[in-house]
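Fold and contact review
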Amino acid sequence: SQTIHQWPATLVQPVGSPLSLECTVEGTSNPNLYWYRQAAGRGLQLLFYSVGIGQISSEVPQNLSASRPQDRQFILSSKKLLLSDSGFYLCAWSPGGSGYTFGSGTRLTVV
Amino acid sequence: KQEVTQIPAALSVPEGENLVLNCSFTDSAIYNLQWFRQDPGKGLTSLLLIQSSQREQTSGRLNASLDKSSGRSTLYIAASQPGDSATYLCAVSLNDMRFGAGTRLTVKP
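For the structure given in this document, a descriptive report is provided here. Everything numeric here is computed off the predicted structure, so don't read it as measured data.

On to the state of the cysteines. Per the counting criterion, the structure on display carries 2 disulfides over all chains. Linked covalently through their sulfurs, Cys23 of chain A and Cys91 of chain A form a disulfide whose S-S length is 1.9 Å. Taking the torsion about the sulfur-sulfur bond, which here is approximately -75°, the covalent link between Cys23 of chain A and Cys91 of chain A counts as left-handed. Of this pair, Cys23 of chain A sits in strand 3 (residues 19-26) while Cys91 of chain A sits in strand 9 (residues 87-94); the two residues are 68 residues apart in sequence, bridging distant segments of the chain. An identical accessibility class is assigned to Cys23 of chain A and Cys91 of chain A; each is buried. For Cys23 of chain B, the disulfide goes to Cys90 of chain B, at an S-S distance of 1.9 Å. Residues Cys23 of chain B and Cys90 of chain B are joined by a disulfide whose S-S torsion is about -55°; by sign, that bridge is left-handed. Here Cys90 of chain B lies in strand 9 (residues 86-93) and Cys23 of chain B lies in strand 3 (residues 19-25), a separation of 67 residues in the sequence. The burial state of Cys23 of chain B is the same as that of Cys90 of chain B; both residues are buried.

This brings us to the side chain of Ser78 of chain A. Residues and elements named next belong to chain A. By the secondary structure assignment, Ser78 is in strand 8 (residues 73-78). Reaching out from Ser78, the side chain makes a polar contact with the backbone oxygen of Asn63 at a distance of 3.3 Å. Residue contacts for Ser78: discarding those within four places in its chain leaves Pro18, Leu19, Asn63 and Leu64.

Let's shift gears to the interface of chain B and chain A. Every contact between the two is made by 21 residues of chain B and, on the other side, 18 residues of chain A. Interface area, chain B with chain A, both sides summed: about 1300 Å², of which 54% is carbon and sulfur. Of all elements in the fold, only strand 4 (32-38), strand 5 (44-51), strand 9 and strand 10 (97-99) of chain B reach the threshold of two or more residues within the side of chain B that touches chain A. Looking at the side of chain B that touches chain A, its residues break down into 8 nonpolar, 10 polar and 3 charged.

Cut-off values and rules
- Residues numbered from 1 in each chain as written.
- Chains lettered and ligands numbered in written order.
- Predicted model: local features only at pLDDT ≥ 70, side-chain atom pairs only at ≥ 80, totals over all residues.
- Heavy atoms only, no water.
- Disulfide = S-S within 2.5 Å.
- Helix = DSSP H or I, 4+ residues; strand = E, 2+ residues; numbered from the N terminus.
- Buried < 20%, exposed > 50% of the residue type's maximum accessible area, 1.4 Å probe, protein only.
- Polar contact = N/O pair within 3.5 Å; in protein donor to acceptor, adjacent residues only side chain to side chain.
- Contact = heavy atoms within 4.5 Å.
- Buried area = accessible area lost by both parts, 1.4 Å probe.
- Nonpolar A, V, L, I, M, F, W, Y, C, P; charged D, E, K, R; others polar.

This is the structure in structure tokens:
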């Protein structure tokens, strides 16, 4: 069966520090991968999605970036965090046209 | 650009009531619609997935309907229980998935 792993679960980082969140999927190949952010009291905002290795589409211009170095690995990064980057980050995968499965999320607090 | 709206934003009901959550979307060109549940501080749990060619899906006490032409979906919860308290999210997908802001449901014992 397919599983999705996301870590860390919580993270507290100072303003200006770098960020790296990792998401991996097991039990499938060539999944579509997604990064979403949920700010406090707000809905989910799509940040990036990828349909294959090295293929990244960005939805919102910001100081975040994403990479897909391997088929089942999706990484969200930042060189310098801002206070506004605080939120709940969720990774998801989809086989394409058949619904999404989400990871357990990372709570990021920038202080 | 696809926009998804969920009404009401919050709902509080006594235990045992049947209830309906509403979702509307602006672009009927979708592959599917998915309902999720989110508990506070947790990730999303998929409840029901309706493909664009389907009209409804059922799972236990949950029933979701889809009227693609009018851009509407409803999630019906029968005989609500306190354990149903959570935020319910509706999302539609084509090339990616777009979410509504959710309905926060509280079921009082």
